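Now for the letters of each chain:
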Amino acid sequence: MKQRNPAAQTAFGPMVLAAVEQHEPPAHRLVDDDLAQAFLPAGLRAVTAATRWAAVRRLMVDATERSGPGLWANLACRKRFIDERLDAALPGIDAVVILGAGLDTRGYRLARRSEIPVYEVDLPVNIERKRAVVRRALGRQPASVHLVPVDFESDDVAAELAKSGHRADARTFYVWEGVTQYLTAEAVGSTFAMLSRAATGSRLVFTYVRSDFIDGTNRYGAESLYRKFRVRSQIWKFGLEPGEVDGYVGRFGWHLLEQAGPEFFTERYITPAGRNLTASQIEWTAYAERR
């Protein structure tokens, strides 16, 4: 019998949120993802379909906010931020690598308008699930999207990517979304060591949980979230502080271009959409360039 990996089970939540957001009027939507609902299993497709009614959407958002105030906005806005940075960088890159792809649809939305190779890297159980999901939702795997099973704690990520056709000299846009907190500091460092060999001009977007939340110094009003991920399951392990990120990525040859925290998300996305939502301090998104 296959052993369930607790981190692998977290792939559904962000895609449920993205699917629910599609029922918002376009001007009020925080993220656009027309494939999100199709990539969910049948039960979750039924749940998200019910959120076409505004009252049901409000109930789901409220339930998420009780668990972690501000996380709904953070999860939606980080996806939009990443999509925008990828679109802007696309003319100057040769490949896209999504580290910890889960059920994310980004590579498949991109495949509809570009032949740029996309490599989706994730735990074998998630890759197996993704292969079946894509076959059901799209009929076939797009030729430009490659599935790469990897255990970040033990495998050589670069070697596995090379086996799937990724070139070491390719200017690559790396996406590492919603992953680092589930890894040990050693595994995060090993992945950054691999990224230190990326071609000049490559880009990296990654998210991280604040280390003062990981160590319990500041829980930012999210006691339930802290108990779930730090006390009961203990699957959140790694964190950084916003002021540390520039120095941390610099050790591996990356230059920090910008960071998106709650103030950024509120000003850029939430307020213009007319949404009565707050953004959380717990998770931040960083964007860097290999120079």
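- The protein chain appears in an unreviewed UniProt entry as S-adenosyl-L-methionine-dependent methyltransferase from Mycolicibacterium mageritense.
- Recorded in UniProt under Sequence similarities (unreviewed entry), the annotation for the protein chain is "Belongs to the UPF0677 family."
- For the protein chain, the Function (unreviewed entry) comment in UniProt is given as "Exhibits S-adenosyl-L-methionine-dependent methyltransferase activity."

**Things to note about the overall build of the protein chain**
And step 1. Per the secondary structure count, the protein chain includes twelve helices and seven strands.
And step 2. In summary, the protein chain has a C-alpha radius of gyration of 18 Å against a globular reference of 19 Å for 291 residues, a match within 12%.
And step 3. Its C-alpha atoms give the protein chain principal-axis dimensions of about 50 × 45 × 45 Å.
And step 4. When the 291 residues of the protein chain are sorted by exposure, 55% land in the buried category.
And step 5. Put simply, of all contacts in the protein chain between residues at least 6 apart along the chain, 74% involve residues at least 24 apart.

**Considering the nonpolar core**
And step 1. Formed by 49 residues in total, the largest nonpolar core has its most connected members in L30, F81, I93, V96, F173, F265 and I270.
And step 2. Element by element, the count of residues in this core is highest for helix α4 (residues 71-89), at eight residues.
And step 3. Ignoring any residue separated from it by four or fewer positions in sequence, one finds I270 in contact with L30, A73, C77, F265, R275, L277 and A279.
And step 4. Among the nonpolar cores identified, the runner-up in size contains 35 residues, and V150, L183, A187 and F238 belong to it.

**Side note on the sheet that holds strand β6 (residues 254-260)**
The pairing of strands in a sheet happens through backbone hydrogen bonds and is either parallel or antiparallel.
And step 1. Taken in spatial order, the seven strands of this open sheet run β3-β2-β1-β4-β5-β7-β6, and their pairing is mixed. Two strands in the sheet have a free side with no partner beyond their single neighbour: β3 (145-149) and β6. If you compare each strand with its neighbour and ignore which way they point, the axes differ by 20° on average.
And step 2. Strand direction decides the pairing type here: strand β1 (residues 95-99) and strand β4 (residues 172-176), joined by four bridges, are parallel. Its bridge partner being in β4, V97 is matched across the sheet by Y174.
And step 3. Along the sheet, helix α8 (residues 185-195) contacts β1, β4, β5 (203-209), β6 and β7 (283-290); its crossing angle with β4, the most-contacted strand, is approximately 170°.

**Here we look at the packing of aromatic side chains**
And step 1. Scanning all chains against the criterion turns up 18 aromatic pairs.
And step 2. Aromatic side chains F173 and Y287 sit 6.1 Å apart centroid to centroid with 35° between the ring planes, which places their arrangement in the tilted category. Taken as a pair, F173 in strand β4 and Y287 in strand β7 lie far apart in primary sequence, 114 residues in all. With respect to class, F173 is no different from Y287; both count as buried.
And step 3. Considering the side-chain rings of F264 and Y269, the 6.2 Å spacing of their centres and the 75° angle between planes classify their relative orientation as edge-to-face.
And step 4. The class for F264 is buried, based on a relative accessible area of 16%.
And step 5. An aromatic cluster is defined as three or more aromatic residues linked by ring pairs; in this entry it consists of W176, F192, F206, Y208, F238, Y248 and F252.
And step 6. Over the ring of W53 we find R52, and its NZ or CZ is 4.3 Å from the ring centre.
And step 7. When the ring centre of Y226 is taken as origin, the NZ or CZ atom of R219, which lies over that ring, is 4.0 Å away.

**Side note on the pattern of salt bridges**
And step 1. Evaluation of the coordinates by the stated rule reveals 28 salt bridges.
And step 2. Of the charged contacts in the structure, one is a salt bridge between R57 and E24, with a shortest N-O distance of 3.0 Å. Note that R57 is positioned in helix α3 (residues 54-67) and E24 in the loop between α1 (12-21) and α2 (42-50), a separation of 33 residues in sequence. Each member of the pair, R57 together with E24, is buried.
And step 3. Between R275 and E24 there is a salt bridge, and its shortest N-O distance comes to 3.7 Å. With R275 in the loop between α12 (262-270) and β7 and E24 in the loop between α1 and α2, the pair connects residues that are 251 residues apart, well separated along the chain.
And step 4. The exposure class of R275 is buried, given its relative accessible area of 14%.
And step 5. Using a relative accessible area of 14% as the deciding quantity, one classes E24 as buried.
And step 6. Connected through shared salt-bridge partners, D33, R78, K79, D83, D104, R106, R109, E177 and E283 make up one network.

Calculation notes
- Residues numbered from 1 in each chain as written.
- Predicted model: local features only at pLDDT ≥ 70, side-chain atom pairs only at ≥ 80, totals over all residues.
- Heavy atoms only, no water.
- UniProt positions renumbered as here; feature names shortened; annotations may be inferred.
- Helix = DSSP H or I, 4+ residues; strand = E, 2+ residues; numbered from the N terminus.
- Rg over C-alpha atoms; globule rule 2.2 N^0.38 Å.
- Buried < 20%, exposed > 50% of the residue type's maximum accessible area, 1.4 Å probe, protein only.
- Contact = heavy atoms within 4.5 Å.
- Core = buried A, V, L, I, M, F, W, Y, C linked by side-chain atoms within 4.5 Å.
- Pairing = 2+ DSSP bridges.
- Axes fitted to C-alpha atoms, helices over the stretch in contact; angles between N-to-C directions.
- Phe/Tyr/Trp six-rings, centres within 6.5 Å; stacked < 30°, edge-to-face > 60°.
- Lys NZ or Arg CZ within 6 Å of the ring centre and 35° of its normal.
- Salt bridge = Lys/Arg side-chain N within 4 Å of Asp/Glu carboxyl O.

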